[in-house]
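Structural overview
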Amino acid sequence: MDLHIKDKVALITGGSRGLGRAICIGLAAEGVKVAVNYHSSAAKAQQVVEEIKSKYKTDVIAVQADVSKSAQVQKMFEQTAETLGPLDILVNNAGIWPTAYVTDMPEEQWDSTIDINMKGPFLTCRRAVQKWLETGRTGKIVNISSQAAFYGSTTGHADYAASKAGLVTFTKSLAREVAENGIYVNAVSPGFMATDMARDEIRNNKEQYLKRIPLGRIAEPEEIANMVVFLASDRAGYITGATMDVNGGMLMR
Ligand code: NAP
């Protein structure tokens with residue numbers, strides 16, 4: 001199926017590793033020009049850039065920014081537009097998953113999880129939508145949530161579950177605000193992937209996790225990225241405000 005997104009411009013937050021990397025590569029494989037945002041993993045972001053350049057010959061840059069800081073977000077959008085052209089697709093993938101039960105959770109942990117996982121998407125969505133409305137352009141936003149948004153945390157991640165649930169209702173609300181302007185806002189809710197974020201946890205409790213997944217295996221990041229790429233395309237022209245479950249049947253709602 002041709003997704004008709006060749007030469008569009010996409011910004012992917014947290015594109016240096018894990019799911020973000022797979023989304024960058026998945027979009028580039030469709031001919032999309034890609035801005036790979038990273039926070040601390042400059043070398044890994046550069047590897048993604050090099051891989052895309054060598055395999056897909058589409059334009060690609062790495063852009064450093066902490067998504068929870070509005071001045072850095074502003075600069076990231078300016079760099080992307082200056083180098084690749086006006087933005088068409090925004091993917092809010094950056095996230096953290098610290099561990100602590102609520103009674104032991106430092107206030108700073110709560111704040112940073114909410115700031116990166118929820119305020120970050122607010123800052124980037126606000127900037128993208130303001131520009132699209134100002135210029136009369138349309139656009140697609142895909143926010144990466146989690147099955148934890150619906151199920152809650154099982155192992156000391158209440159801050160994370162709350163941030164991802166907030167992201168789902170933010171997605172619905174923004175989708176309603178901008179649908180008439182041709183701006184689409186959706187979310188993807190992945191199950192478990194053995195990325196840096198969850199690798200140790202999955203290794204240590206593999207049998208327990210596998211029992212919860214009807215398909216009987218942990219996801220490859222590319223399997224989640226496929227849904228993101230589809231939602232970023234005009235093939236998803238009648239979908240907005242939705243959260244797509246891609247979780248091997250782990251949570252059927
Ligand atoms: P990961 O391998 O730990 O990668 C996290 C990414 O987020 C990195 O690229 C990191 O950039 C970036 N990041 C963290 N803080 C940032 C900040 N302040 N500003 C900009 N970027 C920042 O995680 P992952 O598993 O790929 O997770 C990707 C998304 O999927 C997250 O939203 C996560 O919550 C969600 N998810 C993951 C799972 C899972 O099982 N892994 C399940 C459900 C949902 P640097 O390396 O440059 O710092």
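Attention in this report is confined to the structure presented alongside it. Because the structure is predicted, anything quoted here is derived from the model rather than measured.

1. Some remarks on the overall build of the chain
Along its length, the chain carries 9 helices and 7 strands. Compactness check: the chain gives a C-alpha radius of gyration of 17 Å against a globular reference of 18 Å for 253 residues, within 12% of the reference. Principal-axis analysis of the C-alpha atoms gives the chain an extent of 45 × 35 × 35 Å. Sequence-distant contacts in the chain: of pairs separated by 6 or more residues, those separated by 24 or more amount to 74%. With 28 positive and 28 negative side-chain charges, the chain shows a separation of 3 Å between the mean positions of the two kinds.

2. Concerning the pattern of salt bridges
The final tally for this structure, using the stated rule, is 12 salt bridges. The partner of aspartate 7 in a salt bridge is lysine 6, and the shortest N-O contact between them spans 3.8 Å. Close ionic contact of arginine 21 with glutamate 51 constitutes a salt bridge, the shortest N to O distance being 2.6 Å. Remark: glutamate 51 occurs in helix α2 (residues 42-56) and arginine 21 occurs in helix α1 (residues 18-29); sequence separation between them is 30 residues. Residues joined by salt bridges that share partners form a network here, namely Arg17, Asp196 and Arg199.

3. Notes on the sheet that holds strand β2 (residues 33-38)
With parallel pairing, 7 strands are arranged side by side in an open sheet as β3-β2-β1-β4-β5-β6-β7. The open sheet has two free edges, formed respectively by β3 (60-64) and β7 (243-246), since each of these has just one partner strand. Taking each pair of neighbouring strands and ignoring which way they run, the sheet shows an average axis angle of 20°. Both strand β5 (residues 139-144) and strand β6 (residues 183-190) contribute to a ladder of 6 bridges, which runs parallel. Residue pairing in the sheet places isoleucine 141 in a bridge with valine 185 of β6. Those strands touched by helix α3 (residues 70-84) are β1 (9-12), β2, β3 and β4 (89-92), and its axis lies near 165° from that of β3. Here helix α9 (residues 221-231) sits on the sheet in contact with β4, β5, β6 and β7, set at roughly 170° to β6.

4. Describing the packing of helix α4 (residues 107-135) against helix α6 (residues 158-178)
Contact geometry for α4 and α6: axes closest at 9 Å, N-to-C directions at 15°. Relative to α6, the element α4 lies roughly parallel. Our pair here, α4 against α6, has a crossing hand that is right-handed. For the pair formed by α4 and α6, the contact residues are Gln109, Trp110, Thr113, Ile114, Asn117, Met118, Pro121, Phe122, Cys125 and Val129 on the first element and Ala158, Asp159, Tyr160, Ala162, Ser163, Lys164, Gly166, Leu167, Phe170, Leu174 and Val178 on the second. Tallied by class, residues from the contact of α4 with α6 come to 14 nonpolar, 5 polar and 2 charged.

5. Side note on the site of the ligand
By nearness alone, 31 residues border the ligand, and Ser40, Ser41, Asn93, Tyr160 and Thr195 come closest of all. Interatomic distance of 2.8 Å between a backbone N/O atom of histidine 39 and an oxygen atom of the ligand. Measuring from a nitrogen atom of the ligand, one finds a backbone N or O atom of alanine 65 at 3.5 Å. Relative to its unbound accessible surface of 900 Å², the ligand loses 96% to contact with the protein. For the shell around the ligand, the elements supplying multiple residues, two or more each, are α1, β2 and α6. Considered class by class, the residues forming the shell around the ligand number 14 nonpolar, 13 polar and 4 charged.

6. A closer look at the packing of α1 against α9
It is the contact of α1 with α9, at a shortest axis distance of 8 Å, that shows an interaxial angle of 50°. Viewed along their axes, α1 and α9 adopt a mutual orientation that is oblique. At the point where α1 passes α9, the crossing takes the right-handed sense. Residues Gly18, Leu19, Ala22, Ile23, Gly26 and Leu27 of α1 pack against Pro221, Glu222, Ile224, Ala225, Val228 and Val229 of α9. When its residues are assigned to classes, the contact of α1 with α9 shows 9 nonpolar, 2 polar and 1 charged.

What counts, and at which threshold
- Residues numbered from 1 in each chain as written.
- Predicted model: local features only at pLDDT ≥ 70, side-chain atom pairs only at ≥ 80, totals over all residues.
- Heavy atoms only, no water.
- Helix = DSSP H or I, 4+ residues; strand = E, 2+ residues; numbered from the N terminus.
- Rg over C-alpha atoms; globule rule 2.2 N^0.38 Å.
- Contact = heavy atoms within 4.5 Å.
- Lys, Arg positive; Asp, Glu negative; His and termini not counted.
- Charge placed at Lys NZ, Arg CZ, Asp CG, Glu CD.
- Salt bridge = Lys/Arg side-chain N within 4 Å of Asp/Glu carboxyl O.
- Pairing = 2+ DSSP bridges.
- Axes fitted to C-alpha atoms, helices over the stretch in contact; angles between N-to-C directions.
- Parallel < 35°, antiparallel > 145°, perpendicular 65-115°, else oblique.
- Left-handed = near helix turned anticlockwise from the far one by under 90°.
- Nonpolar A, V, L, I, M, F, W, Y, C, P; charged D, E, K, R; others polar.
- Near = heavy atom within 4 Å.
- Polar contact = N/O pair within 3.5 Å; in protein donor to acceptor, adjacent residues only side chain to side chain.
- Areas by Shrake-Rupley, 256 points an atom, 1.4 Å probe, with all protein chains shown as cover.

The quantities given are spatial measurements derived from coordinates; they are silent on function.
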